[in-house]
Amino acid sequence: MKVKVPEYIAGLEPYVPGKPIEELEREYGISGSIKLASNENPIGPSPKAVEAIMGALKNLHRYPDGNSFRLVQGLAEKLKVSSNQIVLGNGSNEIIELLVRTFLQKDDAVIMPAASFLMYEIMVQASGAKPVKVPLKDRVVDLEGMAERISADTRMIFVNNPNNPTGTIVSKSALEDFLERVPREVILVMDEAYIEFVRDKACPTGLGYLDGNKTVVTLRTFSKAYGLAGLRIGYGVMRKELAGLIHRVRQPFNTNSLAQIGALAALNDDAFFTETLGLVHEGLDFLYEQIDIMGLRYFPSQTNFFLIDVQQDANEVFEKMLGMGVIVRPMAAYGYPACIRVNVGLPEENRRFIETLKEALSGTKNQV
Ligand SMILES: *Cc1c(COP(=O)(O)O)cnc(C)c1O
């Protein structure tokens, strides 16, 4: 018996996540590996989040608060928006999925940058809608090019700011020129997973256009700067009419009780947040300097990761580094076959990354 599968599902490319440390060590029989491949917070989780979660374990027999009252309240205060403009998700990935499920039908067109976060294309295609990919211009999201592709079929547009994997941001003026060309009935999704790391003070955020005359949805996450990737919690900020529709579509308990409690504690952990930004910015500057000394080209970034041009098949470099216990991300799937993407780690991890990269490029065997 042959199961019928829609063509657009059969044609999906599987998402390949960063390799987990445990998997690497199991496959290679090594230990003491480090992972700089998924843009996680190298410090660990916010200690306040851990403490709050420990305290909440004894209530695991209860269903979570389906309205996530306290976390939503905390976010609303922090972001200066109203609580009916916030939707929480099992990671901001779930908000992408919910936007797609709530607002798209088969054959609707969705404009997105390429190279960018691969989940936009996967989720749009999985719904039967049509991804319209617009190439980056000098590694920056080409808003002008995206505006030119808006048609009567366009229902949604994704902008990743800063953009993964290039680490670039769009300028405020480019965004505002673009917004003028986006019809109000088209949803502009600004994915700001890395916005906390941005050092350029002129970087715009979608929150600035929440109450304007366009339809702008801003996505944020606790997975990166807040150190809670394993907990799976993120959110979208949008006009309350849109939020109301998504609330009808989402599962009533889409965020679990520990995630709600941990995220709220992390949100108020200023010391952890400040430490994270300091470590990431110092680490980036250190890595840039070392890559410069090696004579390689890299692309400066507004995030906690950046691209390095290794001037050869990056997949081979990736494999060699894996053997030495350092996980980075090869970028062929994103259209950069000669680049690896690395995220900032702890200072000793950054040093080990540089040493391992040197070894991998020199082709000599490393004695572990
Ligand atoms: C890491 C990342 C996210 C966050 O996803 P979560 O589901 O919140 O963990 C979202 N968008 C981009 C571009 C990312 O790189």
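Everything quoted here is computed from the prediction, not taken from an experiment. (Residues numbered from 1 in each chain as written. Predicted model: local features only at pLDDT ≥ 70, side-chain atom pairs only at ≥ 80, totals over all residues. Heavy atoms only, no water.)

Notes on the overall build of the protein
Of the regular secondary structure elements, the protein holds 13 helices and 13 strands. Over its C-alpha atoms the protein spans a radius of gyration of 21 Å, differing by no more than 12% from the 21 Å that the globule rule assigns to 368 residues. Dimensions of the protein, computed from C-alpha atoms along their principal axes, come out at roughly 60 × 60 × 50 Å. Relative to all contacts within the protein whose residues are 6 or more apart in sequence, the contacts with residues 24 or more apart total 74%. Counting every atom, the protein has about 17,300 Å² of accessible surface; 52% of that belongs to carbon and sulfur. Positive and negative charge centroids in the protein, built from 40 and 45 side chains respectively, lie 5 Å apart. (Helix = DSSP H or I, 4+ residues; strand = E, 2+ residues; numbered from the N terminus. Rg over C-alpha atoms; globule rule 2.2 N^0.38 Å. Contact = heavy atoms within 4.5 Å. Areas by Shrake-Rupley, 256 points an atom, 1.4 Å probe, with all protein chains shown as cover. Lys, Arg positive; Asp, Glu negative; His and termini not counted. Charge placed at Lys NZ, Arg CZ, Asp CG, Glu CD.)

Here's the deal with the site of the ligand
By nearness alone, 13 residues border the ligand, and Ser92, Tyr194, Thr221, Ser223 and Lys224 come closest of all. Lysine 224 places a side-chain nitrogen or oxygen 3.4 Å from an oxygen atom of the ligand. Protein contact buries 94% of the 390 Å² of open area that the ligand shows by itself. Tallied by class, the residues present in the shell around the ligand amount to 3 nonpolar, 7 polar and 3 charged. (Near = heavy atom within 4 Å. Polar contact = N/O pair within 3.5 Å; in protein donor to acceptor, adjacent residues only side chain to side chain. Nonpolar A, V, L, I, M, F, W, Y, C, P; charged D, E, K, R; others polar.)

Quick look at helix H3 (residues 47–56)
Of the positions making up H3, those classed as buried are Ala49, Ile53 and Ala56. Taken down its axis, H3 places every buried residue within 60° of arc, on the same side. Along H3, exposed side chains directed more than 90 degrees from the buried face belong to Pro47, Glu51 and Met54. (Buried < 20%, exposed > 50% of the residue type's maximum accessible area, 1.4 Å probe, protein only. Arc of directions from axis to C-beta.)

Thoughts on the sheet that holds strand E10 (residues 305–309)
Pairing is antiparallel in the open sheet, where 4 strands are placed in the order E9-E10-E13-E12. Each edge of the open sheet is held by one strand with a lone partner, namely strand E9 (297–299) and strand E12 (329–331). Between one strand and the next, the sheet's axes are offset by a mean angle of 30°, whatever the strand orientation. Across the face of the sheet, helix H12 (residues 314–323) comes into contact with E12 and strand E13 (336–343) while running at roughly 40° to E13. (Pairing = 2+ DSSP bridges. Axes fitted to C-alpha atoms, helices over the stretch in contact; angles between N-to-C directions.)

A look at H12
Among all positions in H12, only Ala314, Val317, Phe318, Met321 and Leu322 are buried. Buried residues of H12 fall within an arc of 140° about the axis and therefore sit on the same side. The inward-facing, buried residues of H12 abut helix H2 (21–28), strand E11 (326–327), E12, E13 and helix H13 (347–362). Sitting at the head of H12, aspartate 313 places a side-chain oxygen 2.9 Å from the backbone nitrogen of asparagine 315.

Remarks on the packing of H3 against helix H10 (residues 257–267)
Close contact between H3 and H10 brings their axes to 7 Å; oriented N to C, the two are set at 145°. Remark: the crossing between H3 and H10 carries right-handed chirality. Taking contact as the criterion, the partners of Lys48, Ala49, Ala52, Ile53 and Ala56 in H3 are, on H10, Leu258, Ile261, Gly262, Ala265 and Ala266. Grouping the constituent residues of the contact of H3 with H10 by class yields 8 nonpolar, 1 polar and 1 charged. (Left-handed = near helix turned anticlockwise from the far one by under 90°.)

Considering unusual backbone geometry
Among all residues save glycine, negative phi is the norm, and among peptide bonds the norm is trans. The omega angle of the peptide bond from asparagine 161 to proline 162 is -5°, so this bond is cis rather than trans. Residue asparagine 164 is joined to proline 165 through a cis peptide bond whose omega torsion reads 20°. The topology assignment puts proline 165 in the loop between strand E5 (154–160) and helix H8 (172–181). At aspartate 138, a residue that is not glycine, the phi angle is positive and equals roughly 50°. Assignment of secondary structure puts aspartate 138 in the loop between strand E4 (130–135) and helix H7 (143–148). Assessed through its relative accessible area of 65%, aspartate 138 is described here as exposed. One non-glycine residue, arginine 232, lies in the positive phi region at around 65°. Its location among the elements puts arginine 232 in the loop between strand E7 (215–221) and strand E8 (234–237). The exposure class of arginine 232 is partly exposed, given its relative accessible area of 28%.

Details of the sheet that holds E5
Across the sheet, which stays open at both edges, the 7 strands sit in the order E2-E8-E7-E6-E5-E3-E4 with mixed pairing between neighbours. Taken across any chain shown, the strands that pair with only one partner, and hence form the sheet edges, are strand E2 (86–89) and E4. Recorded for the sheet is a direction-independent mean angle of 20° between the axes of neighbouring strands. Pairing of E2 with E8 involves 4 bridges; the strand directions are antiparallel. Along E8, the bridge assignment pairs valine 87 with glycine 236. With respect to the sheet, helix H4 (residues 69–79) is in contact with E2, E7 and E8, its orientation differing from that of E2 by roughly 125°. This element, helix H5 (residues 92–103), spans E2, E5, strand E6 (187–191), E7 and E8 of the sheet and lies at about 150° to E7.

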